[in-house]
Amino acid sequence: MGEMSMAVALICLGALGRLLCERHHGVRRARLLLVAGGGTGPTARDRLTSLLRRSRGRLGVEWWALAAGLLLALPGASVLPVVAGAAGVPVLRRVRLAGEARGDRERRVDRVIALCGALAGEVRAGRQPGEALLRAARDSGGLGDAQAAVVAAARFGGDVPGALAAAARQPGAEGLLGLAACWRVAVDQGAGLAAGLDRLDGALRAERDQRADLRAQLAGARATAVLLAALPALGLLLGAAMGAAPLRVLLHSGPGLGCLLIGAAFETAGLWWSARIVRGAGAG
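Being a predicted model, the structure only gives us computed values, none of them experimental. (Residues numbered from 1 in each chain as written. Predicted model: local features only at pLDDT ≥ 70, side-chain atom pairs only at ≥ 80, totals over all residues. Heavy atoms only, no water.)

## Side note on the overall build of the chain
Logical step 1: A count of helices and strands for the chain gives 11 helices and 0 strands.
Logical step 2: In the chain, the succession of helices and strands from N to C terminus is α-α-α-α-α-α-α-α-α-α-α.
Logical step 3: When the 284 residues of the chain are sorted by exposure, 29% land in the buried category.
Logical step 4: Excluding contacts between residues fewer than 6 apart, the proportion of contacts in the chain whose partners are at least 24 apart in sequence is 57%.
Logical step 5: Accessible area of the chain: about 17500 Å², with a carbon and sulfur share of 65%. (Helix = DSSP H or I, 4+ residues; strand = E, 2+ residues; numbered from the N terminus. Buried < 20%, exposed > 50% of the residue type's maximum accessible area, 1.4 Å probe, protein only. Contact = heavy atoms within 4.5 Å. Areas by Shrake-Rupley, 256 points an atom, 1.4 Å probe, with all protein chains shown as cover.)

This is the structure we're talking about:
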């Protein structure tokens, strides 16, 4: 059984090494393309972007869970750490994608705020609202994927508030609803667009600062949860340093397997509960 577990662990380690080599080969090829095609314009940049995206998609941060399982499988002479590491890959991928989505949302919030400020400045400079929106959208990029529709509406006299409301459906672009309301009031009632944009800009900035302050306050709770989650691993290291062979006890005995399953269940439940509390506090 021990030899079979060792063989499985070595096979998985070889597969992970091949993935790492493929990623290194992709990055190296991208660099060569960048150097060789530096003067060829967008084609070289498109190839570089495509290669880097494929390389990143092949091996993400979540694959470190499988690497950790392999490292534990070798001294423990068991395939269970490899199975646990493989099961952790989709979970960590989901966490990584959620973090990337949060980052995209925050960047979109910043671009919307920059759009409101730039539009207010263009209106004060004496430009018509349509021309001012075209310039502000070009400079700030706050309209995201819906920029083409909003720009077309502003350039050809279309429904600008409707296009802004459609663009506000993107996560983090909710402030565009306020911009649509300011635009509608300014056009229908002749109110000052710059004054409304200033108030909207101030409100969006205050909301962003409040979220940043809340994230800073929750950082301590997140760090505490991560530290508590790492304590079992520290216990295993201390046991191994004392010569108690904790991996062999946990992976090759009935009571050890029972303790491992119960501990893993409590660990998972604790992480889920702490993440739920932090997420609820952030949403509130």
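## With respect to the nonpolar core
Logical step 1: Counting 35 residues, the largest nonpolar core has Leu-119, Leu-164, Leu-176 and Leu-179 as its most contacted members.
Logical step 2: Among the elements of the structure, helix H4 (80–124), helix H5 (129–140), helix H6 (147–155), helix H7 (160–167), helix H8 (175–189) and helix H9 (193–241) are those that each provide at least two residues to this core.
Logical step 3: Of all the elements, H4 adds the most residues to this core, at 8 residues.
Logical step 4: In this structure, Leu-164 is in contact with Leu-143, Val-150, Leu-176, Leu-179 and Ala-180, ignoring residues within four places of it in sequence.
Logical step 5: Among the nonpolar cores identified, the runner-up in size contains 5 residues, and Leu-66, Leu-70, Ala-73 and Val-89 belong to it. (Core = buried A, V, L, I, M, F, W, Y, C linked by side-chain atoms within 4.5 Å.)

## A word on the environment of Gly-202
Logical step 1: Checked against the element boundaries, Gly-202 lands in helix H9.
Logical step 2: It is 9.7 Å that separates the C-alpha atoms of Gly-202 and Cys-116, two residues lying 86 residues apart in sequence.

## Describing the pattern of salt bridges
Think of it this way: side chains of opposite charge can pair up when their charged atoms draw near.
Logical step 1: As enumerated under the stated definition, the model contains 15 salt bridges in all.
Logical step 2: Across the salt bridge formed by Arg-208 and Asp-110, the nearest N and O atoms sit 3.0 Å from each other. Residue Arg-208 is found in helix H9, and its partner Asp-110 is found in helix H4; the two are separated by 98 residues along the sequence.
Logical step 3: Residue class for Arg-208 comes out partly exposed when judged on its relative accessible area of 22%.
Logical step 4: Between Arg-127 and Glu-122 there is a salt bridge; the shortest N-O distance is 2.6 Å.
Logical step 5: Several salt bridges converge on common partners, so that one network encompasses Glu-62, Arg-93, Arg-96 and Glu-100. (Salt bridge = Lys/Arg side-chain N within 4 Å of Asp/Glu carboxyl O.)

## Some details on helix H3 (residues 63–76)
What sets the pattern is the α-helix's 3.6 residues per turn: residues three or four places apart point alike.
Logical step 1: Its 14 residues place the ends of H3 20 Å apart at the C-alpha level, agreeing with the 20 Å of an ideal helix rising 1.5 Å per residue.
Logical step 2: Residues Ala-65, Leu-66, Ala-67, Gly-69, Leu-70, Ala-73 and Gly-76 constitute the buried set of H3.
Logical step 3: Looking one or two residues past H3, Ala-77 carries a phi angle of roughly 50°, positive in sign. (Expected span 1.5 Å × (residues − 1).)

## Comments concerning the packing of aromatic side chains
Logical step 1: What the rule picks out here adds up to 1 aromatic pair.
Logical step 2: Judged by centre distance (5.8 Å) and plane angle (45°), the ring pair of Trp-272 and Trp-273 falls under tilted. (Phe/Tyr/Trp six-rings, centres within 6.5 Å; stacked < 30°, edge-to-face > 60°.)

## Focus: the packing of H4 against H5
Logical step 1: For the pair H4 and H5, the least separation of the axes is 8 Å and the interaxial angle reads 140°. As summarised for this structure, H4 and H5 are arranged oblique, according to the angle between their axes. Crossing of H4 over H5 shows right-handed handedness. Here Arg-111, Ala-114, Leu-115, Ala-118, Leu-119, Glu-122 and Val-123 of H4 come into contact with H5, specifically with Pro-129, Ala-132, Leu-133, Arg-135, Ala-136, Ala-137, Asp-139 and Ser-140.
Logical step 2: Of the residues contributing to the contact of H4 with H5, the split by class is 10 nonpolar, 1 polar and 4 charged. (Axes fitted to C-alpha atoms, helices over the stretch in contact; angles between N-to-C directions. Parallel < 35°, antiparallel > 145°, perpendicular 65-115°, else oblique. Left-handed = near helix turned anticlockwise from the far one by under 90°. Nonpolar A, V, L, I, M, F, W, Y, C, P; charged D, E, K, R; others polar.)

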